[in-house]
Amino acid sequence: MTIISLIKQVPLPSEMRMGDDGLMDRTKAKSIINIDCQFGLEAGLQLKKQHPDARMIVCSMGPGSFEAALKTAISMGYDEAYLLSDRKLGGSDTYATGLAISTMLKYLGFNEDSKEPFIIFAGRQTSDGDTAHVPSQVAESMGIPQATFVERVTSNNDGTITARRIIEGGYQMLKLPMPCLVSLTPTGVKPRKPSLIGAIKARFEKINILSVDDVKMTAEQQSLIGINGSPTIVAAVANIESDRPPVALAQGQGEKQLVESFIDEWKKGGNVMQKKEQVEKEAKEIPDFPIIDQRGKNKGILTWAEVTNGKIARPSIELLTPARHLADQLGKDTKISTVLIGKNIKNLANILFEHGSDEVIIVENDKLEEYLVLPFSDIITQIIHERKPEVALFAATTAGRELAPRIGMKTGSGVTADCTGLEMGDYIDRKNKQIIRPILHSRRPTYGESKLATILGFVYPQISTARAGTFPVPTQQQGRTGVISEFKPKLNSDDFVTQIIETKRGEGGLQSLFDADIIVSGGRGTVGDGLKLVQQLAEALKEKGIKAEWACSRVVVDNGFAEYARQIGQTGKTVRPKVYVAIGISGAIQHIAGIKESGKIIAINNNLKAPIFQHSDFGIVGNYEDIVPELIEKVQAGFTFGLQAK
């Protein structure tokens, strides 16, 4: 048996700088092994305990400086290291990266027909891109099954593995045959530190450096890599800055004075954003180039409606808001078609019509009762080939984030992940002296949520995933109807090799977090009492008739104090309540990503220098155990943060 780990060396987000060309310059930034990849490395070492004779290989793609990361993996317990390094790969997007890595692995003797079993581990996503695309793209390119967002893996006696996979509201237990690929979340087994013996071994271990010619990449494949061959490009990167006024800090001695001061500030409305002097920028001159429409026969917008617990998942309904916006920009003849896959799901079509779909494409089959990435990606690809949409949109749920890149690999399309903005626009191609119009501008936070990148795709359909909770649910139009079409796919038995052993999905705060008017959230500073005071504040508000719910930051989930369904942030949920109360939360940019759409943000923290105060409207500096009980008393006496009972 062979255990393979894919890793990437990434720059620290805090050290990234904007280049003169408007793109990111990482040349002077310190680098580390991507955090999620470290958990993938550890998962491989954990599996070796069950297979002591397993061959341990670590692979990466990047410049020669990546040798440092590979040597670290050797010092942790891996046997061999391979680095795919070639100037031709510079600027590769995730599609090109997945193609290149899979080609290297095939060159090393690993493919779907390998006689010797193997398993590939990877991190869920990288901190510089945050896409979570490459694992799915490598698996698709190699023709093997996958499991993403996985916490634990165990090997079975029959040549299969069992994986515990995080899903919205719970988890799934999957059984996969080898060969397969598994991507790990940072809630898995914590990575070990290199041993002294391992460090000595790594010092003398040779890193095998391969070029694209070494791995026998064909001329056609080489035309699909690098910045020129990638189906997507980064058109622009901008800094993300807080649009909130300076925090209004409570003043006083002791918890009573602090809470009373906070309530006074709340009633006054807090601080006001100071108007910045407007500096008019010169309008960019649009050259007199011919306008080119590259869409050909590709027209219309396709979305996928995810079904959970017999209902259409809220993020899939939210998706119809940007879909309608794009359709309006493209013209009145542009239709929105939504794919609905499952068992006995035809009755759900009306919900989609009433929220904006013009057509619902029904795919019903008893074998499709629960989502599985292989058959669902194959079916949607068949629909894309037949319908030829110009844009395909997916919600960035755990399912959507693995499904879209697998489909993108099948169709040769680029995929943009976790978008917070979608617009139709132009691309000025100065090299060929033409303007491409219309083209999808997909905007997404990146580099640890510190930058906003605009991505353009040049292969149709242009595929993007939309961050859940970012777009509002479209207004429901009672009685609105549309066209129901039935699609009969060609089902491949090989697509059903992955078995769902168990699915545990409760509400678990999932839906109520999206609907809540106020969310009380606890961080590392609240685990001393197991978040009891956080929950009690939420309950006190509920008793007053307020739509309230409690949540938490990632560190709370990682340490087992709450389920993943309640996690807020880049790797959890994006919420937009009227009021968000952050208690004992430091304010990492990944958490801010999930709350920045909130109406008002209140921070309670004993550290005045905590970053959370830079992103909050109101702040109380004090101990959680003192402030929150006083605040609960005020709620019980009638203070409800200006919210009305419902």
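Just so it is clear, the model here is predicted, and its values are computed rather than measured.

How each quantity is defined
- Residues numbered from 1 in each chain as written.
- Predicted model: local features only at pLDDT ≥ 70, side-chain atom pairs only at ≥ 80, totals over all residues.
- Heavy atoms only, no water.
- Pairing = 2+ DSSP bridges.
- Helix = DSSP H or I, 4+ residues; strand = E, 2+ residues; numbered from the N terminus.
- Axes fitted to C-alpha atoms, helices over the stretch in contact; angles between N-to-C directions.
- Contact = heavy atoms within 4.5 Å.
- Parallel < 35°, antiparallel > 145°, perpendicular 65-115°, else oblique.
- Left-handed = near helix turned anticlockwise from the far one by under 90°.
- Core = buried A, V, L, I, M, F, W, Y, C linked by side-chain atoms within 4.5 Å.
- Buried < 20%, exposed > 50% of the residue type's maximum accessible area, 1.4 Å probe, protein only.

Student: When you look at the sheet that holds strand S21 (residues 359–364) in this model, what are you seeing that I'm missing?
Tutor: Strand pairing in a sheet takes place through backbone hydrogen bonds and is either antiparallel or parallel in direction. Here 7 strands make up an open sheet; going across it, the order is S23-S27-S22-S17-S20-S21-S28 and the pairing parallel. Of all strands in the sheet, those with a lone pairing partner are strand S23 (415–419) and strand S28 (483–486), marking the two edges. Averaged over neighbouring strand pairs, the angle between their axes works out to 25 degrees when direction is ignored. Sheet topology places S23 next to strand S27 (residues 462–466); 3 bridges connect them, and they run parallel. Within the sheet, the bridge partner assigned to Cys419 lies in S27 and is Ala466. Its contacts with the sheet place helix H13 (residues 398–411) against strand S17 (301–305), strand S22 (391–395), S23 and S27, and it is angled at close to 175 degrees to S27.

Student: Honestly, the packing of helix H3 (residues 94–107) against helix H4 (residues 134–142) in this entry has me stumped. Any pointers?
Tutor: A pair of packed helices is captured by two measures, namely the crossing angle of their axes and the spacing between those axes. Interhelical geometry of H3 versus H4 gives an angle of 50 degrees and a closest axis separation of 8 Å. Judged by the angle between their axes, H3 and H4 are oblique. Two packed elements cross with a definite hand, and for H3 against H4 that hand is right-handed. Side by side, H3 and H4 meet where Thr94, Tyr95, Thr97, Gly98, Leu99, Ile101, Ser102, Leu105 and Lys106 of the first sit next to Val134, Gln137, Val138, Ser141 and Met142 of the second.

Student: Sorry, what's going on with the nonpolar core here?
Tutor: If you look at soluble globular proteins, the nonpolar side chains tend to sit buried side by side. Ranked by size, the top nonpolar core spans 42 residues in total, and within it Phe262, Ile518, Val581, Ile583 and Phe641 carry the most contacts. With sequence-adjacent residues up to four places away left out, Ile518 is seen in contact with Leu541, Ile546, Lys547, Ala548, Glu549, Pro577, Val579, Val581, Phe641 and Leu643. Core analysis: the second largest hydrophobic core is formed by 37 residues, Ile33, Ala147, Leu174 and Leu176 among them.

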